[in-house]
Structures are given as C-alpha cells and as structure tokens.
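Structural overview
Below are the chains, spelled out letter by letter.
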Amino acid sequence: MSFIPGQPVTAVVQRIEICKLRQCDNLILGFSIGGGIDQDPGQNPFSEDKTDKGIYVTRVSKGGPAEAAGLMIGDKIMQVNGWDMTMVTHDQARKRLTKKNEDVVRLLVTRKSLEDAVRNAMV
C-alpha cells in the first residue's frame, strides 16, 4: 500500500467474516495482532519501510475460526465491523476485536499479495 502524507490512502482490500468460537464464557477468534499507533513501527516485521503503525495479524491458529475464514499472517486490518482501524492503539484494536456481544467479526484487510496481483494485472 502506498502512502504519501496529505494524500488519500489507496488499498486493495478483502472482506473476511469470522464467526467467533464459544468456549464457556470466552469467544475465540483464533488470531493475534501486533502494531498500533502506540507501538514502535520499527519492530513490525510486516512494514516495508518500518514507519507503518497499522494493526497486523501476527499469528493465526491452525484450525481456528480465523484460518477457516481465510485470514493470513501479515494481513493489515483496515476495519473491524465498520470501525476504522488505521489510527488506533494496540489496546483499542484488541477491544474492538473482542467485544463480548459480537459473535461475528467482519474485517476489511489488505495484504501484499492482493496489491501485487492488482499491480500485475494492470501491466
């Protein structure tokens, strides 16, 4: 995804719908996140220029709801249930994803392979 300060952000996104798995009082998504505006972007292995403070998928549990829905390690989460996730802290992102009253999480994600496919199709 290209980013020029002061210009609109352009991204190729994919919709992913994850049905949370109920285990007693817990709702399981089956993935972990990293990043956020309060985190050091230099530690983000998915940021190409090491300045991206977005929320990224860092782990997907084998056989879990996220894997079944098609979520992949390295996906950048742009929205959760319609909420913008491009300028949130790590804790804000975690809270949006783990709301107890939501059995389904609808994500908009972007991933490098999606952008590469569109770029190659335009050549």
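Calculation criteria
Residues numbered from 1 in each chain as written. Predicted model: local features only at pLDDT ≥ 70, side-chain atom pairs only at ≥ 80, totals over all residues. Heavy atoms only, no water. Helix = DSSP H or I, 4+ residues; strand = E, 2+ residues; numbered from the N terminus. Buried < 20%, exposed > 50% of the residue type's maximum accessible area, 1.4 Å probe, protein only. Contact = heavy atoms within 4.5 Å. Areas by Shrake-Rupley, 256 points an atom, 1.4 Å probe, with all protein chains shown as cover. Polar contact = N/O pair within 3.5 Å; in protein donor to acceptor, adjacent residues only side chain to side chain. Core = buried A, V, L, I, M, F, W, Y, C linked by side-chain atoms within 4.5 Å. Salt bridge = Lys/Arg side-chain N within 4 Å of Asp/Glu carboxyl O.

Named according to an unreviewed UniProt entry, the chain is Tax1-binding protein 3 originating from Paramormyrops kingsleyae.

Here we look at the overall build of the chain
Per the secondary structure count, the chain includes three helices and eight strands. The N-to-C order of helical and strand elements in the chain reads β-β-β-β-β-α-β-β-α-β-α. Within the span of the chain, comprising 123 residues, buried residues form 33% of the whole. Looking at the chain alone, contacts between residues at least 24 apart form 64% of all its contacts between residues at least 6 apart. On the chain, roughly 7700 Å² of surface is accessible, and the fraction owed to carbon and sulfur atoms is 54%.

Thoughts on the side chain of aspartate 75
Positionally, aspartate 75 belongs in the loop between α1 (65-69) and β6 (76-80). Within polar-contact distance, the side chain of aspartate 75 engages the backbone nitrogen of methionine 72 at 2.9 Å. The contact partners of aspartate 75, leaving out residues within four places of it in the chain, are Ile16, Ile55, Tyr56, Val57, Gly70, Val109, Thr110 and Arg111.

Structural notes on the nonpolar core
One finds Ile18, Phe31, Leu71, Ile77, Leu97 and Leu107 to be the most contacted residues of the largest nonpolar core, which totals 19 residues. Contributing elements (two or more residues each) for this core: β1 (14-19), β4 (31-35), β5 (55-60), β6, α2 (90-97) and β8 (104-110).

So, the pattern of salt bridges
Taken as a whole, this structure holds seven salt bridges when the rule is applied. For arginine 22, the salt bridge is made with aspartate 103, and the minimal N-O distance between the two is 3.0 Å. Residue arginine 22 is located in strand β2 (residues 21-23), and its partner aspartate 103 is located in the loop between α2 and β8; the two are separated by 81 residues in the primary sequence. Judged by its relative accessible area of 51%, arginine 22 is exposed. Of the charged contacts, one joins aspartate 91 and lysine 95 as a salt bridge, the two residues approaching to 3.2 Å between their closest N and O atoms. Pair noted here: aspartate 91 and lysine 95 are both in helix α2, with a separation of four residues, about one helical turn. Assessed through its relative accessible area of 49%, lysine 95 is described here as partly exposed.

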